[in-house]
Structures are given as C-alpha cells and as structure tokens.
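Residue strings, one per chain:
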Amino acid sequence: MGNADYECPHRVAIPPSKPLFKALQSSFKETLFPDDPFRQFKNQPLAKKFMLGLQYFVPILEWAPRYTFEFFKADLIAGITIASLAVPQGISYANLANLPPILGLYSSFVPPLVYAMLGSSRDLAVGTVAVASLLISSLLGKEVSPYENPTLYLHLAFTATFFAGIFQASLGILRLGFIVDFLSHATILGFMGGAATVVCLQQLKGILGLIHFTHETDIVSVMRAVFGQKHQWRWESAVLGCCFLSFLLLTKYFSKRKPTFFWINAMAPLTSVILGSLLVFLTHAEKHGVQVIGHLKKGINPLSVSELAFGSPYLSSAIKTGIITGIIGLAEGVAVGRSFATFKNYHIDGNKEMIAFGMMNIAGSCTSCYLTAGPFSRTAVNFNAGCKTAVSNIVMATAVMITLLFLTPLFHYTPLVVLSSIIIAAMLGIIDYEAAIHLWNIDKFDFVVCMGAYTGVVFFSVEVGLVVAVTLSLLRVLLFVARPRTFALGNIPNSMAYRSIDQYPIANNVPGVLILQIDAPIYFANSNYLRERIQRWIYEEEEKLKSSGQTSLQYIILDLSAVGSIDTSGISMLEEVKKNSDSKGLKLVLANPRSEVIKKLDKSKFIESIGQEWIYLTVAEAVAACNFMLHSCKPNPAAVELQGRENMV
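An unreviewed UniProt entry lists the protein chain under the name STAS domain-containing protein, with Lithocarpus litseifolius given as the organism. Under the UniProt heading Sequence similarities (unreviewed entry), the note attached to the protein chain is "Belongs to the SLC26A/SulP transporter (TC 2.A.53) family." The UniProt entry for the protein chain carries the following comment under Subcellular location (unreviewed entry): "Membrane".

The following block contains the structure:
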C-alpha cells in the first residue's frame, strides 16, 4: 500500500543517460578545465586560432599592442623602485641560502624577463624569497657542506632549481594546480610564520659577528649555538646591526602610517647598504670584527647548463629540494598575485602562472640563478609604486643588469650585518600574529593547523614543519569527507521553508516525521558513519517522543539537496537504512535528490525498492505527503508490512 491517493504537484525527473564517451568527456572537462580556456577558439579561422594560442601561452603578445607611453612612465618609476629593493634583498637572500651573493643579483635579472613575457599578473614582482632560500640551505646543507664543498653545493642548487621549474611547469601544463590548493591558508600562514622565525634566528650569526654557526634550524640548536659562543660576540657588529635594524623598522612603520611615502620603506634597504658600506670603508671596520661581502664578479649571468648535476650521487636530494621549494614558491607566488589582482579587479590564470614560474626557473637554472618566485614585500612595493603591467619587471631587470655590469665593486665593503638586518626586517612582516588571532576567533581547527605548522618548523625542522602542515591540511579534508554534518530540520512558522533546528530554534518539529539533511556527497569513506548517525538520530527521536508522550515516529525524510554525488557504497548505505527503517515500521522518504544521485539510484533499482511515489522534489512536498497519510487515517505502508510479517510469524 502506498500513497497513491496523494496527488504530488511535481515528480522528480530522472535525467536521460549520456553515452559513455560523452559522460567521460564532460567529467574530464569539469575536472581539469573549469574555466573552459578553449571557448575563445570556437568558430575562429585557423590563423586566428594560431594567434590566440600564442597569446594564451605568451600573454605579452596580447597586451603589448595596447601598451601606451603613460603606462611606461608608471612602470618605469615602479621598476626603478623595486630594483632598489631587489639588489640588497637579492644579495641578502643568496647569503641566507649559503650561495655566492652575486647569485642574488643574477636571479633578479633573467627570471623577471621570462615572467614578463609569460606571466598573467600585472603586479607581481619576481625575485628570490627568504623561505625558499632557507629551504635550500636546510635541505641541501644536510647532504653537502656549502663551506667544505661549495662547488658541488652550488651545482646542486642549480639542479634543484631546474627540477622545481620542471615540476611547476608540469602542474600548469597538465592543469593540476589544484594540488597546491591542498595547502590551506592556515597551513601557509603557520609554515611561513615559522620559517620567518627560523630565518630571523639564523641572522643572529650576522648580527653578533659569529664565524661558526649551527647548520640546524630549530630554535634549541640555534640558541645553543648563540649562547655557547658568548666569548666570540662582537659588540661592534651588534651595535651596527641594532642601529640598521631600528632604521629599517622605523621606515617601515612610517610608510605604513603614511602610505604615500611607501618609497621611503622601499629605498631603506639600499640606503642601509650604502651607509653601511661607507661606514666600513671610512672606519676600516672590517679589521675590527665586522664581516663584509668582499669581491663580487662583474658581468651578467654566465651559462650554467653544464653545471646541472644530473649525474651526482645527491641527485635525489636535489629533486626533493626542487619539488618542496617549487610547491612553496607556487603557493606563495600565486596567492600574492591573486591578492593584488583582486585590488585592481582583474583575474589571473593559476595554471598560466605555474607555467610562467616553471619556465623562469628552468631558464634561471641554466643562467646561474637559483629559485625565484613572487615575494610579497617586493610585489607590495611594485603595487604601491603604481605599476601598470609586467614591464616593471623588465625595468627592474635592466637596472640589475646595469648593476652587474658596472656597480658590483661598490658592494665590496657591504657589511654582512646590514644584510642580516634587512632579512630580519623583511621577515618580521611575514610573522602575522593578527591573522593567527583571527583564525582563533573564526575557526579553532584552522588555528590548530596554523600553530601545528609553526611549531613543527620552529621546534623541529623546516621539513618536519612542512610535513605537519600538509598532514594537518589533508586530515581536515579527510574529516570533511569522512565525517559530514547531518542536521534535523524543522518548519519555519508561517512558511514552507525547512531549516536546521540548531540554527533556527523557532523551527517546529513535524509530528510523526523526522527530517534529516545530509550535508555532503555520500562515498565509501563516509557511508558507514552516515548509516550509524542516521540510526542514532532515529533512536534519539523515538526516545524523545516516548518520554514526552507525543505521536510516535512514522516517517524518515532524507533531504538530499546537498548530496552532489553518491557511489555504490552510498547506495548500499541507503538500502541498509531502508531495511532498518522497515524493520521498525518506519517509512523512508527521499527529498530533492540531485541529477547524479537520482540516476544512480535508478540504475541500482533502489527507486523500485523504495517506490517512485516516495521521492519528492522538495522537503515541503514530502512533509505534505506524510501528513496526508497520517491525517487520512491511512496506515504507514512500512508499519502494515511489518504487522503482516509479525502475523505470519
């Protein structure tokens, strides 16, 4: 006996089946091409398609014909401004990576030129980054000492950069950029904050004028190395470092208070380098414990293709370092690019960015550069300086080229303590404690993820921090999938809307009916949990009704509007729920199953089992049908069937 007497205004439609090839094609397109990059090629002649293809992979061909002199003036000012930051930062970060300082300048020449042609961001300023520099120092330094075997260490750094580029470009070409999305905002925040803390601690070597220092990055090892050499602290170096660090922090504070004077903060590192070099030169401080850079080779980047260590016994370490630094570089660079694109209301293609990052690192590894990305500090200066296009990167690269050709001897007397001050000032801006507090206020689990990544980096190692960060991110994804939310729904008074009773306490329960909403796709990973959770809902509802003396439970309505897909394990779960409900004399009713769900339920014969008349378009229609059966004195079909079985027994 069913509810044939109840006239349902709308029936749930079962969509027609698609041919297998067409279904696979549609699924493939939705997975890898959500932005439909091929739509611009439709109905175009062959020559136009070829030009559009070139413009897609080389974006400069698209916007260069529209470039104006007004844009050039803005980009010229921005490029010169970021060049003044790129030179001291490049030298500082190369020193952090235990690489020759000149590599920091090389890495600010070739990669920005490549990115200007292939990148889709108008604001991103390309260059070396502190976290990647620390990772190279930490990961490669464990295998090869940069002091005992500097040549092999240098070659491994080039090789790691090459594989980072290959990995990044492959993700973009294969459109697998969503892999990087598994590093959540909380994960990146904690990891970057921890890495910045470690970088600051490492700079105590330069600030205190220490010659020997630990290769470990955890806070315990660093503090032991610092306080274990108290007799070697150089007060001259410490005073100089504190003075320049105070100067850099003051200029940063002033520029934040007065954004129109952003250029003061941008020029502060180069000003510090000039003042520090003059001070050392005039006072001969290098003879009194203040360490200096020394000789920098003049000339532009030499080729380094022959120095890629493909035959080295440490090749696996170089590949691992490349993949890890490549992921971190992508996560930071793409996030920074998207953030600034939002301010100017334009879109950047994440997959194009990955190809651009990959190609500039491949080109860089062949021209004596190490890993480059899109550092936030340099991009912020570029944005505030009023850049219009990626030409600002070309201007910066030109300024660095002039420096390489003519000005490198001027950096001979640059004190290392000034470079340490520049790094510390930059890193303090990455430790975003306000964002961590915001996470605590909004989402406690995100805060735990953030602090887990931070603690792993600071108290153990960069690798442990990265593993903790990725593990916690994946754990959260698994928890969302394996433990989806279920809600009891009630009727909002004077409406046909049914909403969560927890969210809307004014919502009323429907007598004799339990309405449950499942808030996720139903897969093998969560089907057992959902079966147990639904049974618990039923048990708790029956106990509540029994204790209050209300109408006994007759119907279970499952709202499937949030269930986008279901697999065979999910269908088996629904079948078990139906059997358990039937055994208790309860009728299972479905509301608003989605297209993919209703197709699979039809193919599995579940619709025949439950009855087409017990599947409704909305929760309101399902409730109306249940109320019709309850108030027309018609018995519950499941209860009738149960009674029949009991009589036979």
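And the narrative resumes.
Turning next to helix α12 (residues 235-257). Look at α12: 33 Å from first C-alpha to last across 23 residues, which is about the 33 Å you get at 1.5 Å a residue. For α12, the set of buried residues is Ser237, Ala238, Leu240, Gly241, Phe244, Leu245, Leu248, Thr251 and Ser255.

Once that is clear, we can look at the sheet that holds strand β4 (residues 555-559). Across the sheet, six strands lie side by side as β2-β1-β3-β4-β5-β6; this open sheet has mixed pairing. The open sheet terminates on both sides in strands that have one partner only, identified here as β2 (498-500) and β6 (615-616). Where strand β1 (residues 486-491) lies against strand β3 (residues 513-518), three bridges are found, and the strand directions are antiparallel. Directly across from Ala488, in β3, lies its bridge partner Leu516. Contacts from helix α26 (residues 619-631) reach β2, β3, β4, β5 (587-591) and β6 within the one sheet, and its direction differs from that of β4 by about 170 degrees.

Right, let's talk about the domain arrangement of the protein chain for a bit. Domain boundaries assigned for the protein chain yield domain 1 (69-478) and domain 2 (483-648). Computed from C-alpha coordinates alone, the two centres of domain 1 and domain 2 are separated by 56 Å.

All right, on to the packing of aromatic side chains then. Under the counting rule described, the total for this entry stands at 16 aromatic pairs. Pairing Phe163 with Phe310 gives two aromatic rings, centres 6.0 Å apart and planes at 85 degrees, and the pair type is edge-to-face. In this pair, Phe163 is assigned in helix α8 (residues 150-173) and Phe310 in the loop between α13 (262-283) and α14 (315-343), connecting sequence segments 147 residues apart. Exposure remark for Phe163: the relative accessible area of 19% places this residue in the buried category.

Okay, the side chain of Gln535 next. With respect to the helices and strands, Gln535 occurs in helix α22 (residues 527-548). Take Gln535: its relative accessible area is 16%, and that puts it in the buried class. Excluding residues within four positions of it along the chain, Gln535 makes contact with Val577, Asn580 and Lys584.

There is a patch of nonpolar side chains on the surface, built from Phe178, Ile179, Phe182, Val470, Leu474, Val477, Phe480, Val481, Tyr523 and Phe524 and spanning about 860 Å² of accessible area. The topology assignment puts Phe178 in the loop between α8 and α9 (185-202).

A word on α22. End to end, α22 covers 32 Å across 22 residues, agreeing with the expected 32 Å (1.5 Å per residue, within 8%). Along α22, the residues that are buried comprise Ser527, Leu530, Arg531, Arg533, Ile534, Gln535, Trp537, Ile538, Glu541 and Leu545. Buried residues along α22 sit in contact with β1, β3, β4 and α23 (568-583). One or two positions beyond α22, positive phi appears at Gly549, with a value near 75 degrees.

With the rule as written, the count across this model stands at eleven salt bridges. The partner of Lys73 in a salt bridge is Glu70, with the nearest N and O atoms 3.4 Å apart. Remark: Glu70 and Lys73 occur in helix α4 (residues 69-96); sequence separation between them is three residues, near one turn of the helix. With a relative accessible area of 51%, Glu70 lands in the exposed category. The shortest N-O distance in the salt bridge between Lys599 and Glu596 comes to 3.3 Å. Linking Lys599 with Glu596, this pair stays in helix α24 (residues 595-603), spanning three residues, or about one helical turn. Of the residues examined, Lys599 reaches a relative accessible area of 15% and is grouped as buried. Since its relative accessible area comes to 37%, Glu596 is described here as partly exposed.

Reading guide: rules and limits
Residues numbered from 1 in each chain as written. Predicted model: local features only at pLDDT ≥ 70, side-chain atom pairs only at ≥ 80, totals over all residues. Heavy atoms only, no water. UniProt positions renumbered as here; feature names shortened; annotations may be inferred. Helix = DSSP H or I, 4+ residues; strand = E, 2+ residues; numbered from the N terminus. Expected span 1.5 Å × (residues − 1). Buried < 20%, exposed > 50% of the residue type's maximum accessible area, 1.4 Å probe, protein only. Pairing = 2+ DSSP bridges. Contact = heavy atoms within 4.5 Å. Axes fitted to C-alpha atoms, helices over the stretch in contact; angles between N-to-C directions. Domains from an automatic or database assignment. Phe/Tyr/Trp six-rings, centres within 6.5 Å; stacked < 30°, edge-to-face > 60°. Patch = residues over 30% accessible without salt bridge, like charges linked within 9 Å, V, L, I, M, F, W, Y side chains within 5 Å. Areas by Shrake-Rupley, 256 points an atom, 1.4 Å probe, with all protein chains shown as cover. Salt bridge = Lys/Arg side-chain N within 4 Å of Asp/Glu carboxyl O.

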